[in-house]
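# Working through the structure, step by step
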Amino acid sequence: MGAEVESKKRVGVIGLGAMGSGIARTCLEAGYRVSIWNRSSDKATPLVALGAIACDKPDEVLEANRHVVVCVADYAAWMQIVGNHGLEERLADTSIIQLTGGSIDDVTEHETFIAESGGRMADGALMCFPSQLGTSEASILVAGAPDVLEDCDPLLRVLDPDWTNLGEDITKPAVLSRALTAGILSSFVGYVNGLAICREAGIPIDVYINQSVKADAIVPGEKRRLAEAVRDGRTEHTEASIDTWVGAHQTIHAVAEALGTNLVLQDAVKSALQEARQMGYGEHDLAALVEVFAANQPRS
Ligand SMILES: NC(=O)c1ccc[n+]([C@@H]2O[C@H](COP(=O)([O-])OP(=O)(O)OC[C@H]3O[C@@H](n4cnc5c(N)ncnc54)[C@H](OP(=O)(O)O)[C@@H]3O)[C@@H](O)[C@H]2O)c1
């Protein structure tokens, strides 16, 4: 029993960039025995000062641990580490918790590679900053075989006490994290576009900040309403139709144009709204835009 407890409290971390270092630090703080490796060895120094065991080679991390978290820049970097150090021979009976960001192809090819090497894997996507790991603000989306996820659960809880299990389809974390980031990034781009418009008009940035806090109050509730309308297939009922938004957007476009600002973003918004109208959704809710973005639609 003592040996079992001891083996469960061990973890290896390969990749000590901002995120990998945060992962190693969070595991150390939770009482884990943490073995670490990074291509540039200097990144291990602050973690060794906290009690981590620096390994000269990544195969030493695999030898010492049943659970190894990998978090490097991309899958190409990980496969380079694998190739340079012959790791495919060392993966049997190891659970790789892959937290490197990747595409659908990266993830599926990696799943095949791990299976052929006799290893096990969980694939995760991080939706938080390193400083949020281990707190209620952490967010990690994970998929994998149920027995692997159950086995990795104590470790995942250390990193995110409320980690999200997306089931067995290993591609789901990559897809969901990109879908969420698409919404966040588009909103940030729009926010900065508004900043540029205000700056051209001489409206103080602090006024923009204060007013956007008020204007953004509707955003969480409205996002939920849009998603529920799509989920329930009821985009025909609305307080503000796509036609209404087209009218609102014409004034946004006109103001942005009159001030001489770059119209690249507003032209893209205009195109999406126009496509929805052409598809017959003018009187529908903004949620009907989901059909404009759907796969296999004829594009104008
Ligand atoms: N930082 C965040 O806030 C955040 C949030 C969500 C998701 N993520 C994801 O977490 C992953 C790591 O991000 P990060 O912020 O930690 O990146 P980072 O600070 O830039 O670190 C990159 C890591 O990858 C290693 N690396 C890059 N190319 C390599 C190669 N060819 N061979 C071996 N090692 C290589 C680097 O090693 P060296 O030190 O030797 O260069 C370093 O350990 C990424 O997939 C990122 O999308 C990060």
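What you are looking at is a predicted structure, and each value in this text was computed from that prediction instead of being measured. (Residues numbered from 1 in each chain as written. Predicted model: local features only at pLDDT ≥ 70, side-chain atom pairs only at ≥ 80, totals over all residues. Heavy atoms only, no water.)

## Details of the site of the ligand
In the vicinity of the ligand, 21 residues are found, and the nearest of them are Met19, Asn38, Ser40, Lys43 and Gly101. Backbone polar atom of Ala18 to an oxygen atom of the ligand: 2.9 Å apart, as the coordinates give it. Within the backbone of Val72, an N or O atom sits 3.3 Å from an oxygen atom of the ligand. Looking at the shell around the ligand, the element that brings in the most residues is helix α5 (residues 75-85), giving 3 residues. Counted by class, the shell around the ligand contains 12 nonpolar, 7 polar and 2 charged residues. (Near = heavy atom within 4 Å. Polar contact = N/O pair within 3.5 Å; in protein donor to acceptor, adjacent residues only side chain to side chain. Helix = DSSP H or I, 4+ residues; strand = E, 2+ residues; numbered from the N terminus. Nonpolar A, V, L, I, M, F, W, Y, C, P; charged D, E, K, R; others polar.)

## Digging into the domain arrangement of the protein
Split by domain assignment, the protein resolves into domain 1 (2-169) and domain 2 (204-292). The centre of domain 1, based on its C-alpha atoms, is set 40 Å off from the matching centre of domain 2. (Domains from an automatic or database assignment.)

## A short note on the packing of α5 against helix α6 (residues 104-116)
Interaxial distance between α5 and α6 falls to 11 Å at its minimum, and their mutual angle equals 25°. In this view, α5 runs roughly parallel relative to α6, as classed from their interaxial angle. The interaxial crossing formed by α5 with α6 has left-handed handedness. For the pair formed by α5 and α6, the contact residues are Tyr75, Trp78, Met79 and Val82 on the first element and Asp106, Val107, His110 and Phe113 on the second. (Axes fitted to C-alpha atoms, helices over the stretch in contact; angles between N-to-C directions. Parallel < 35°, antiparallel > 145°, perpendicular 65-115°, else oblique. Left-handed = near helix turned anticlockwise from the far one by under 90°. Contact = heavy atoms within 4.5 Å.)

## Concerning unusual backbone geometry
Of note, Asp93 is a non-glycine position whose phi angle comes to about 70°, a positive value. The residue Asp93 is located in the loop between α5 and β5 (95-98) in this model. On the basis of relative accessible area, Asp93 is assigned to the exposed category, the value being 63%. (Buried < 20%, exposed > 50% of the residue type's maximum accessible area, 1.4 Å probe, protein only.)

## Some details on the nonpolar core
For soluble globular proteins, the rule of thumb is that nonpolar side chains tend to be buried together. Counting residues in each nonpolar core, the largest one holds 33 residues, and the members touching the most others are Ile23, Cys27, Val34, Ile36 and Leu99. Elements with a contribution of two residues or more to this core: β1 (10-14), α2 (18-29), β2 (33-37), β6 (120-126), β7 (140-144) and α7 (146-159). Sort the elements by how many residues they give to this core and α7 lands first, with 7 residues. For Ile36, the contacting residues outside a window of four places in its chain are Val13, Leu16, Ala24, Ala44, Leu47, Val48, Ala52, Ile53, Ala54, Cys55 and Val61. Counting 21 residues, the second largest nonpolar core, distinct from the first, contains Trp37, Cys55, Trp78 and Ile114. (Core = buried A, V, L, I, M, F, W, Y, C linked by side-chain atoms within 4.5 Å.)

## Focus: the pattern of salt bridges
When the charged atoms of two side chains with opposite charge come close together, those side chains can pair. This model, assessed by the stated rule, comprises 13 salt bridges. A salt bridge links Asp147 to Arg120; the nearest nitrogen and oxygen atoms lie 3.6 Å apart. Taken together, the residues span a long stretch of sequence, with Asp147 in helix α7 and Arg120 in strand β6 at a distance of 27 residues. Under the relative-accessibility criterion, Arg120 is labelled partly exposed at 29%. Between Asp153 and Arg157 there is a salt bridge, and its shortest N-O distance comes to 2.9 Å. Note that Asp153 and Arg157 are positioned in helix α7 at a spacing of 4 residues, about one turn of the helix. When its relative accessible area of 46% is taken as the criterion, Arg157 is described as partly exposed. Each of Arg66, Arg120, Asp147 and Asp151 takes part in salt bridges that share partners, so that together they form one network. (Salt bridge = Lys/Arg side-chain N within 4 Å of Asp/Glu carboxyl O.)

## Points about the pairing of β1
In terms of burial, β1 is a largely internal element, 4 of the 5 residues being buried. Relative to β2, β1 runs parallel, the two sharing 5 bridges. Bridging across to β2, Gly12 finds its partner in Ser35. Traced from β1 through α2 to β2, the parallel crossover comes out right-handed. Pairing of β1 with strand β4 (residues 67-70) involves 3 bridges; the strand directions are parallel. Residue pairing for β4: Ile14 is matched across the bridge by Val70. (Pairing = 2+ DSSP bridges. Right-handed = clockwise from strand over helix to strand, strands pointing away.)

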